[in-house]
Amino acid sequence: MSESDRGLLVAGHQPNFLPWFGYFEKMLKCDLFVYSDDVQFPKQCYTNRVEIPVGQGSTFLTLPVRKGGDARIADKLYVKDEATGSRLAKTLRINFGGLPHFADVEPVIEEFERAWGLHETVADLNVHMNQFLAASFDIHTEVLRGTELGLEAFHRNERLIERCRLLNSRDY
């Protein structure tokens, strides 16, 4: 059986907030990457926070979200006001500013400021930024969002099995 007859290698992950390099390695190694935005928004998770360097240690930079319900990641709204967006960008600049290669980080912060004004949901902001970062790493893997697949009736493992079946995936 040829490689093309075996189906796609599909990977997926929740749309995390400014994720680590391994996230992008996962994107690079698959044929199709699915942003799992069709699952419940997890509390205290990397969907709306990222660990950043601060002095000799680290801390979490958190994207504040609006309170309420069991919203899917696709529907979860972030606190969108100018002061919050400016504070997050300033925190990134202060804590990355003195590090080597800051010139490579500044365009990411500028894109974050632009994206902040364009979107309303955590998923939209995170997918925007993750696609920006992927492109900057020369990763051009095809992507879908879980909400595009219409598999909300399935839960956990069943959803992954149906995703693979629907996408003719050879592996996940």
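Our structure is the block above this text.
Conventions and cut-offs
Residues numbered from 1 in each chain as written. Predicted model: local features only at pLDDT ≥ 70, side-chain atom pairs only at ≥ 80, totals over all residues. Heavy atoms only, no water. Pairing = 2+ DSSP bridges. Helix = DSSP H or I, 4+ residues; strand = E, 2+ residues; numbered from the N terminus. Axes fitted to C-alpha atoms, helices over the stretch in contact; angles between N-to-C directions. Contact = heavy atoms within 4.5 Å. Buried < 20%, exposed > 50% of the residue type's maximum accessible area, 1.4 Å probe, protein only. Core = buried A, V, L, I, M, F, W, Y, C linked by side-chain atoms within 4.5 Å. Polar contact = N/O pair within 3.5 Å; in protein donor to acceptor, adjacent residues only side chain to side chain. Parallel < 35°, antiparallel > 145°, perpendicular 65-115°, else oblique. Nonpolar A, V, L, I, M, F, W, Y, C, P; charged D, E, K, R; others polar. Expected span 1.5 Å × (residues − 1).

Details of the sheet that holds strand β6 (residues 169-171)
In spatial order, the strands read β5-β2-β1-β6; together these four strands make up an open sheet with parallel pairing. In this open sheet, the two edge strands, each paired with only one partner strand, are β5 (142-145) and β6. Ignoring strand direction, the axes of neighbouring strands in this sheet form an average angle of 45 degrees. Sitting on the sheet, helix α1 (residues 21-28) touches β1 (8-13), β2 (32-35) and β5, and the angle it makes with β2 is about 130 degrees.

Remarks on the pairing of strand β3 (residues 49-54)
Across six bridges, the pairing between β3 and strand β4 (residues 57-62) is antiparallel. Among the inter-strand pairings, V54 is bridged to a residue of β4, identified as G57. Connecting β3 to the next strand, β4, in antiparallel fashion are two residues, including G55 with a positive phi near 55 degrees.

Some details on the side chain of K76
As for its placement among the helices and strands, K76 is situated in the loop between β4 and α2 (82-97). Residue K76 is classed as buried on the basis of its relative accessible area of 6%. Those residues in contact with K76 that lie beyond four places of it in its chain are F41, V65, R66, K67, G68, A71, E120, T121 and V122.

Concerning the nonpolar core
In terms of nonpolar packing, the biggest core is built from 34 residues, with M27, L63 and L125 touching the most fellow members. When contributions to this core are tallied by element, the ones reaching two or more residues are α1, β2, β3, α2, α3 (102-118) and α4 (122-136). At seven residues, the largest contribution of residues to this core is made by α4. Apart from residues lying up to four places away in sequence, L63 is in contact with F17, N48, Y78, L88, W116, V122, L125 and N126. V10, V34, L144 and L151 belong to the second largest nonpolar core, which has seven residues in total.

Regarding the side chain of D37
Within the secondary structure layout, D37 lies in the loop between β2 and β3. Looking at D37, the relative accessible area reads 0%, which means it is buried. Within the structure, the side chain of D37 is placed 2.9 Å from the backbone nitrogen of T147, a separation counted as a polar contact. Setting aside its immediate chain neighbours within four residues, D37 contacts P15, R72, I73, A74, A123, R145, G146 and T147.

Some remarks on the packing of α1 against α4
Two measures define how a pair of helices packs: the angle their axes make with one another and the distance between the axes. Here α1 crosses α4 at 75 degrees, and the two axes come no closer than 11 Å. In terms of orientation, α1 lies roughly perpendicular with respect to α4. Side by side, α1 and α4 meet where Y23, F24 and M27 of the first sit next to N130, Q131, L133 and A134 of the second. In terms of residue class, the contact of α1 with α4 is built from five nonpolar, two polar and no charged.

Considerations on α3
Along its 17 residues, α3 runs 25 Å from first to last C-alpha, staying within 8% of the 24 Å computed at 1.5 Å per residue. For α3, the set of buried residues is F102, E106, V108, I109, E111, F112, A115 and W116. For α3, the secondary structure elements touched by its buried residues are α2 and α4.

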